[in-house]
Amino acid sequence: MSTPPTIIIYAMPGSQFTAKVLAALQHRKIPHYIAFVPLQVEDRRQFLPSGGTLVPEMAIYKNNNDDDDPIVVVPDSEAILEWLDENYSIVGLSESPQFYPQQQQQQQQQPSLTRTKPNG
């Protein structure tokens, strides 16, 4: 039996975007760890796997050792939720409710072609 990958969410206390991701992980009963990042921007760059500065960021490691390079790094709460929709379902359900319904995902991916006329 293979060991499931380790999910680490990099977060800052009080982040509403991090709270959204953590709620999704808890809802789907997906095991994960939380690593709190420094508040100072330059320190955060060195701490986050992407080298960025924004949280949340999700890193998935093959083993329970975050000293290895992550196999997947997903920054941004919206992208994390989309990744979870594509890769994790609720245990025991053949079809889990999506965080983003298919129609909404398609609308987000297509640029809007409607333009408004200026008043005048």
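Residues numbered from 1 in each chain as written. Predicted model: local features only at pLDDT ≥ 70, side-chain atom pairs only at ≥ 80, totals over all residues. Heavy atoms only, no water.

## Section: the nonpolar core
For soluble globular proteins, nonpolar side chains are generally found buried alongside one another. Grouped together as the largest cluster of nonpolar side chains are 14 residues, with contacts concentrated most on Ile7, Ile9, Leu25, Met58, Ile80, Trp83 and Leu84. Those residues within four positions of isoleucine 7 in sequence are excluded, and the remaining contacts are Ile30, Pro31, His32, Tyr33, Met58, Ala59, Ile60 and Tyr88. Residues Ile8, Val37, Val55 and Ala59 belong to the second largest nonpolar core, which totals 8 residues. (Core = buried A, V, L, I, M, F, W, Y, C linked by side-chain atoms within 4.5 Å. Buried < 20%, exposed > 50% of the residue type's maximum accessible area, 1.4 Å probe, protein only. Contact = heavy atoms within 4.5 Å.)

## Quick look at unusual backbone geometry
Of note, the amide linkage connecting valine 55 to proline 56 takes the cis form, showing an omega dihedral of 5°. When you line up the elements, proline 56 lands in the loop between helix H2 (41–47) and strand S3 (57–61). Even without glycine at this site, lysine 29 takes up a positive phi of about 55°. If you trace the backbone, lysine 29 turns up in the loop between helix H1 (16–27) and strand S2 (33–36). The class of lysine 29 is exposed, set by a relative accessible area of 64%. With a phi close to 85°, aspartate 76 is a non-glycine residue in the positive phi region. Locating aspartate 76 in the fold gives a position in the loop between strand S4 (72–75) and helix H3 (77–87). Classification of aspartate 76 by relative accessible area gives partly exposed; the value is 43%. (Helix = DSSP H or I, 4+ residues; strand = E, 2+ residues; numbered from the N terminus.)

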